[in-house]
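# Remarks on the overall topology
Listed below are the residues making up each chain.
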Amino acid sequence: MPDLPPKPAAGVSRRTVARATAAAGLAALFGAAGGAARAGAATRLGPRTLDVSVPSAALGRSAPVRLILPSDFGARPERTYPVLYLLHGAHDDYTSWTRETDIEAFTEGRDLIVAMPDAGPTGIPSVWRSGPDYETFQVKEVPALLARDYRASGVRAVAGVSTGGYGAMAHAARHPGAFKAAASYSGILDTTAPGVPPIVDAIVARENLPAHSLWGHPLLNLLTWRDFNPRAHATGLRGTALYVSQGSGVGGGTGGDPLPGVLESALWPSAQGFAGTLARLGIRATTHLYSGGGHDWPHWKREFTASWPKLAHALGVPE
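Residues numbered from 1 in each chain as written. Predicted model: local features only at pLDDT ≥ 70, side-chain atom pairs only at ≥ 80, totals over all residues. Heavy atoms only, no water.

### Concerning the overall build of the protein chain
To keep it simple, the criterion reads: Counting from the N terminus, the helices are the DSSP runs of H or I reaching at least four residues and the strands are the DSSP runs of E reaching at least two. Exposure classes here rest on a 1.4 Å probe applied to the protein chains alone. A residue is buried below 20% of its type maximum, exposed above 50%, and partly exposed in between. Only heavy atoms matter for contacts: two residues are in contact if any of them lie within 4.5 Å across the pair.
Assigned secondary structure in the protein chain consists of nine helices and nine strands. Expressed as a percentage of the 319 residues in the protein chain, the buried residues total 53%. Once local pairs closer than 6 in sequence are excluded, the contacts in the protein chain between residues at least 24 apart make up 70%.

### Thoughts on the layout of surface pockets
The test is simple: Method remark: on a 1 Å grid restricted to protein atoms, a set of points is classed as a cavity if a 1.4 Å probe fits but cannot get out and as a pocket if it is open with protein on both sides within 12 Å along at least five of seven lines; lining residues have an atom within 4 Å of a point. Grid points are joined across faces, edges and corners, and a volume is the space filled by probe spheres set on the points. Polar here means any residue outside two lists: the nonpolar Ala, Val, Leu, Ile, Met, Phe, Trp, Tyr, Cys and Pro, and the charged Asp, Glu, Lys and Arg; Gly therefore counts as polar.
By volume, the largest pocket amounts to about 540 Å³. Looking at the lining of the largest pocket, the elements that each hand over two or more residues are α2 (96-100), α6 (196-206), α8 (259-281) and α9 (297-315). Residue contributions to the lining of the largest pocket peak at six residues, all from α8. Across the lining of the largest pocket, the residue classes break down as 14 nonpolar, four polar and five charged.

### Concerning the side chain of Thr277
Tracing the backbone shows Thr277 in helix α8. Excluding its chain neighbours within four sequence positions, the residues that come into contact with Thr277 are Arg231 and Ala234.

### Considerations on the nonpolar core
What counts is decided by this rule: The set of buried Ala, Val, Leu, Ile, Met, Phe, Trp, Tyr and Cys residues whose side-chain atoms join them within 4.5 Å is what this entry labels a nonpolar core.
Counting 54 residues, the largest nonpolar core has Leu146 and Tyr150 as the members making the most contacts within it. No other element matches helix α5 (residues 163-174), which puts six residues into this core. Counting residues in hydrophobic clusters, the runner-up holds 24 residues, among them Leu112, Val114, Ala157 and Ala314.

### Things to note about the pairing of strand β8 (residues 241-247)
The condition that has to hold: The rule for pairing is simple: two strands pair if DSSP sees at least two bridges between them.
Taking burial as the measure, the seven residues of β8 include six buried ones, the bulk of the element. Examined bridge by bridge, strand β7 (residues 181-185) and β8 share five bridges and lie parallel to one another. Its bridge partner lying in β8, Ala182 is registered against Leu242. Of the pairings in the sheet, the one linking β8 to strand β9 (residues 286-290) comprises five bridges and is parallel in character. Across the sheet, Ser245 pairs through a bridge with His288, a residue of β9.

Rendered as structure tokens:
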């Protein structure tokens, strides 16, 4: 039977003691990680948050992952934890969720690990035709490291915004059973839908990467585009708890900028087609296809909150 934590001294709250105990445990963990090549370098950012450099054969380099550990991580060395993977969007990075949301405060007191892996400058976590394999990095290498060094259990859920929403559904569909739940907020859910290939090509071009270096030419390499299409692999989502949200856009951006609304509207047919395919296959999903909206964080934060009960249930943590 493990030793029970000491009773708090008079005048000191249990919450304070728990935080101090967790901090001590994290300090020991960071010290161990610093001397272990297999885990890479760990940089402590706060009481529960750290950045880990993950050596990756799939990428041919080390890549960062931001982690938020459970509040009692240091005090419960015998315990394993479910993992919520949060994927970033295009032209952003693995820091976006902690920068744009209150995910650290939101998950305090909930017994789970939050992992935010890098997906490169385009934010498209896929197998590139001539380049890195972000799918293997996110679906296999990061989970293996978390299980080995951070006591992650095999219970996982994945959610993402924009190209990260693509990643959430593509990962879950192409690797059935790897995730208990998947949520997409304004994701690219049908890579071959009208108007979508030019959007994907524009994302690649904006980062000054070679044309067609992702999946090849949309027509000449159509089979490859279909192979990485969440809609084409929708049968792999059967049994996964799903949440799909998308706005119709047009004038729905925030701050007077029309671009978020325009981009959201460009992805509207993709989401509709994906949702229709799920319905036709008899695959249950919570869909929120709403009027207006924009391709931006104010809308994504709202949708994450709406999807949380489904993610929490899949992870086995309190809502």
